[in-house]
Amino acid sequence: MPDEEVQERGREGVGMVKTWLEATTWMQFPFNAYEDGDRCTVPLLGGKRKKFDLRGFHLGDKNSRRYMTVECKRYTSRGGQYKEFRRFLAIAYSAHAMHVELYGKSEAEDFVWVTSNPFVTDGWSDLCSEDAITDAITDQANADLVTGHELDPKLVREVQAGIWLLVFDEKQMDVTLTPEELKNVMTVLEREGPGLWRG
């Protein structure tokens, strides 16, 4: 598949996932990697940076509002997704640890992996565990993400609380609120967030 087609397929997939997640009425993603690259880029330990597909917010009261960062994988087969997911876990930890390093405190942020093709189904329930995150961080393949950093079990627990692993099928778009329907719904729901609903 030509690079242009791959990019367009990715862009289309990100658009569908954004619509699907926002239709829950609890999430808002005003930023995407194709139009807002800088706003979707998260600083990591060791001066590294990672650009995600979507960035936005979990809506709610002051106790539940938090940032949400999404990685979308529109795959037709499992491929090397398990290895990529393990690196995603290590990236989430590195981003969280970097925030603590920069600001001296933890801040809740959810890291969401959305895939169109499940992987390691026999161990699915363990993929987001604290042990899985620790294993990913200590994997030599991901050592560049935590250079000079001593593993902190407390940070691992905090990261684990914000990891999401979701499976998306394009048929779900048939039963998902459209952006226009969502705008109508949001006018009657009380969802506190960082600003007005922009769709």
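Refer to the preceding data block for the structure.
Predicted, not measured: the structure shown is a model, and the values here were computed from it.

Enquirer: Would you take a moment to explain the packing of helix α3 (residues 130-138) against helix α4 (residues 153-160) for this structure?
Expert: When two helices pack together, you describe them by how their axes are tilted relative to each other and by the distance separating the axes. The geometry of α3 relative to α4 is characterised by a closest axis approach of 9 Å and an angle of 120 degrees between their N-to-C directions. By the criterion of interaxial angle, the relationship of α3 to α4 is oblique. Considering the relative orientation of α3 and α4, their crossing is right-handed. Two secondary-structure elements touch here, α3 through Glu130, Ile133, Thr134 and Ile137 and α4 through Val156, Arg157, Val159 and Gln160.

Enquirer: Looking at this structure, I do not really get the pairing of strand β4 (residues 54-58). What am I missing?
Expert: Within a regular beta strand, the side chains point alternately toward one face of the sheet and then the other, so they alternate between its two faces. β4 sits mainly inside the fold: five of its five residues count as buried. By the bridge criterion, four bridges tie strand β1 (residues 27-32) to β4 in an arrangement that is antiparallel. Residue pairing for β4: methionine 27 is matched across the bridge by histidine 58. Bridging between β4 and strand β5 (residues 66-73) involves five bridges; their strand directions are antiparallel. The partner of leucine 54 across the bridge, within β5, is valine 70.

Enquirer: Explanation requested: the packing of aromatic side chains in the structure shown.
Expert: Here the distance between the centres and the angle between the planes together describe a pair of aromatic rings. Under the definition given, this model contains nine aromatic pairs. An aromatic cluster of three or more residues is present, and its members are Phe52, Phe85, Phe88, Phe111, Trp113, Phe119 and Trp124. For lysine 50, the ring lying beneath its charged end belongs to phenylalanine 52, and the centroid distance is 5.4 Å. A cation over a ring is seen here: arginine 191 above tryptophan 26, with NZ or CZ 3.5 Å from the ring centre.

Enquirer: Honestly, the sheet that holds β1 in this entry has me stumped. Any pointers?
Expert: The strand order across the open sheet formed by five strands is β1-β4-β5-β6-β7, and the pairing between neighbours is mixed. Because the sheet does not close on itself, it has two edges, and the strands there are β1 and β7 (163-167). For this sheet, the mean inter-axis angle between neighbouring strands, taken without regard to orientation, is 25 degrees. On top of the sheet, helix α2 (residues 81-103) reaches β5, β6 (109-115) and β7; it is set at about 170 degrees to β6, its chief contact.

Enquirer: Would you explain α3 in this entry?
Expert: An α-helical segment advances 3.6 residues per turn. Residues three or four places apart therefore align on the same side. Three or more residues of α3 are buried, namely Ala132, Ile133, Ala136 and Ile137. One side of α3 carries all its buried residues, which in axial view fall inside an arc of 135 degrees. Opposite the buried face of α3, by more than 90 degrees, sit the exposed residues Asp131 and Thr138. Elements that come into contact with the buried residues of α3 comprise α2, α4 and β7.

Enquirer: What am I meant to see in unusual backbone geometry here?
Expert: Most peptide bonds are trans, and most residues other than glycine sit at a negative phi. We note that threonine 25 has phi near 75 degrees; this positive angle belongs to a residue other than glycine. Relative to the helices and strands, threonine 25 resides in the loop between α1 (3-22) and β1. The backbone of valine 120 sits at a positive phi, close to 45 degrees, despite the residue not being glycine. Here valine 120 shows up in the loop between β6 and α3. The class for valine 120 is partly exposed, based on a relative accessible area of 26%.

Enquirer: What is the right way to read the pattern of salt bridges from this model?
Expert: Pairs can form between side chains of opposite charge whenever their charged atoms are close. Using the criterion set out here, one finds 12 salt bridges in the structure. With a closest N to O distance of 2.6 Å, glutamate 158 and lysine 154 form a salt bridge. Here lysine 154 and glutamate 158 lie together in helix α4, a separation of four residues that amounts to about one turn. Taken together, the shared-partner salt bridges in this structure form one network comprising Lys50, Glu71, Lys73 and Glu84.

Conventions and cut-offs
- Residues numbered from 1 in each chain as written.
- Predicted model: local features only at pLDDT ≥ 70, side-chain atom pairs only at ≥ 80, totals over all residues.
- Heavy atoms only, no water.
- Axes fitted to C-alpha atoms, helices over the stretch in contact; angles between N-to-C directions.
- Helix = DSSP H or I, 4+ residues; strand = E, 2+ residues; numbered from the N terminus.
- Parallel < 35°, antiparallel > 145°, perpendicular 65-115°, else oblique.
- Left-handed = near helix turned anticlockwise from the far one by under 90°.
- Contact = heavy atoms within 4.5 Å.
- Buried < 20%, exposed > 50% of the residue type's maximum accessible area, 1.4 Å probe, protein only.
- Pairing = 2+ DSSP bridges.
- Phe/Tyr/Trp six-rings, centres within 6.5 Å; stacked < 30°, edge-to-face > 60°.
- Lys NZ or Arg CZ within 6 Å of the ring centre and 35° of its normal.
- Arc of directions from axis to C-beta.
- Salt bridge = Lys/Arg side-chain N within 4 Å of Asp/Glu carboxyl O.

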